[in-house]
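One letter stands for each residue in the lines below.
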Amino acid sequence: MFRLIAFDLDGTLVEFNIPFDLIRERLGIKERFVLEAILGEKDEKRRKEMLRVLEDFEIRSAENAKLAFYARELLDFLRKSGIIYGVVTRNSRKSVEIIAKKFSLQFDFVVTRDDAKPKPSEEPIRILSEKFKVKVDEMLVVGDFLFDLVAGKRAGAKTALIVHERNRGMVESFKVYADYVFQSLKELAAFLGMRDDTKGSSEV
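Residues numbered from 1 in each chain as written. Predicted model: local features only at pLDDT ≥ 70, side-chain atom pairs only at ≥ 80, totals over all residues. Heavy atoms only, no water.

(A) Region of the structure containing the overall build of the protein chain. Within the protein chain one finds nine helices and seven strands. Compactness check: the protein chain gives a C-alpha radius of gyration of 16 Å against a globular reference of 17 Å for 204 residues, within 12% of the reference. Along the first, second and third principal axes, the C-alpha set of the protein chain runs to 50 × 35 × 30 Å. Taken over 204 residues, the protein chain has a buried fraction of 52%. Taking as baseline every contact in the protein chain between residues at least 6 positions apart, the subset at least 24 positions apart corresponds to 60%. Of the roughly 10500 Å² of accessible surface on the protein chain, a fraction of 48% belongs to carbon and sulfur atoms. Averaging the locations of the 37 positively and 35 negatively charged side chains of the protein chain gives two centres separated by 1 Å. (Helix = DSSP H or I, 4+ residues; strand = E, 2+ residues; numbered from the N terminus. Rg over C-alpha atoms; globule rule 2.2 N^0.38 Å. Buried < 20%, exposed > 50% of the residue type's maximum accessible area, 1.4 Å probe, protein only. Contact = heavy atoms within 4.5 Å. Areas by Shrake-Rupley, 256 points an atom, 1.4 Å probe, with all protein chains shown as cover. Lys, Arg positive; Asp, Glu negative; His and termini not counted. Charge placed at Lys NZ, Arg CZ, Asp CG, Glu CD.)

This is the structure we're talking about:
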């Protein structure tokens, strides 16, 4: 059904544990979106220091990360199926490398904020389309937040929303950007053809 699947990391493949409230307090940021506030900082020296602080928090979170339910089973299935898959994240590359090593995860690609404009920009998805010679309508972007879905939609890919306790109250506002909604990665795996027959996914 899809030749390439791009996963978000935090809240999707691993349980979300980045303490954004603490990061805002540490950096003196009042804006909701920390990365946008940092990238909008005009003082280059301060911007670099803010990014360093953010990465320090991301690294500690990565070191303490827990895989999301059914993440390993799903990725193993994709590997056996020959589907191209990997991570598109707003995090730093170093934090992704820590998680990949910790859980012995193999990805065909990793695109971070160090490599392209961060989601909700469609740039990471366009890069993957060109790199792997896959049409965007043959790609699925999977995530748990609005930015994941918007990035996929802007690029012309299909999008899947993963629902969990932290985003459940926002699902209705996110669904307008989601082609599919799943209550877990296990439901997504079933939708993609994994033989553990789990029902409950819904197309919107």
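Next comes the rest of the write-up.
(B) Highlighting the pairing of strand S5 (residues 158-162). Burial of S5 is extensive: four of the five residues sit out of reach of the surface. Pairing analysis gives four bridges linking strand S4 (residues 139-143) to S5, with the strands arranged parallel. Opposite Val142, over in S5, you have Ala160 as the bridge partner. The parallel pair S4 and S5, bridged by helix H7 (residues 146-155), forms a crossover whose chirality is right-handed. Looking at chain direction, S5 and strand S6 (residues 180-182) are connected through three bridges and run parallel. Across the sheet, the residue bridging to Ala160 is Tyr180, located in S6. (Pairing = 2+ DSSP bridges. Right-handed = clockwise from strand over helix to strand, strands pointing away.)

(C) Structural detail: the pairing of strand S2 (residues 84-88). The buried count for S2 comes to five of five residues, which makes it a mostly enclosed element. In this sheet, S2 lies alongside strand S1 (residues 4-7) in parallel orientation, the contact comprising four bridges. Along S2, the bridge assignment pairs Ala6 with Gly86. Looking at chain direction, S2 and strand S3 (residues 109-111) are connected through three bridges and run parallel. By the bridge assignment, Gly86 is partnered in S3 with Phe109. In this view, the connection linking S2 to its parallel neighbour S3 by way of helix H5 (residues 93-103) has right-handed handedness.

(D) A look at the pattern of salt bridges. Within this structure, the stated rule accounts for 16 salt bridges. The salt bridge partner of Glu49 is Arg52, with a shortest N-O separation of 2.7 Å. With Glu49 and Arg52 both in helix H3 (residues 44-63) and three residues apart, the pair spans about one turn of that helix. Residue classification places Arg52 among the partly exposed residues on the basis of a relative accessible area of 37%. The partner of Asp115 in a salt bridge is Arg93, with the nearest N and O atoms 2.9 Å apart. One end of the pair, Asp115, is in the loop between S3 and helix H6 (123-132); the other, Arg93, is in helix H5, and 22 residues separate them in sequence. Look at the salt bridges and you will find they share partners, linking Asp8, Lys119 and Asp148 into a network. (Salt bridge = Lys/Arg side-chain N within 4 Å of Asp/Glu carboxyl O.)

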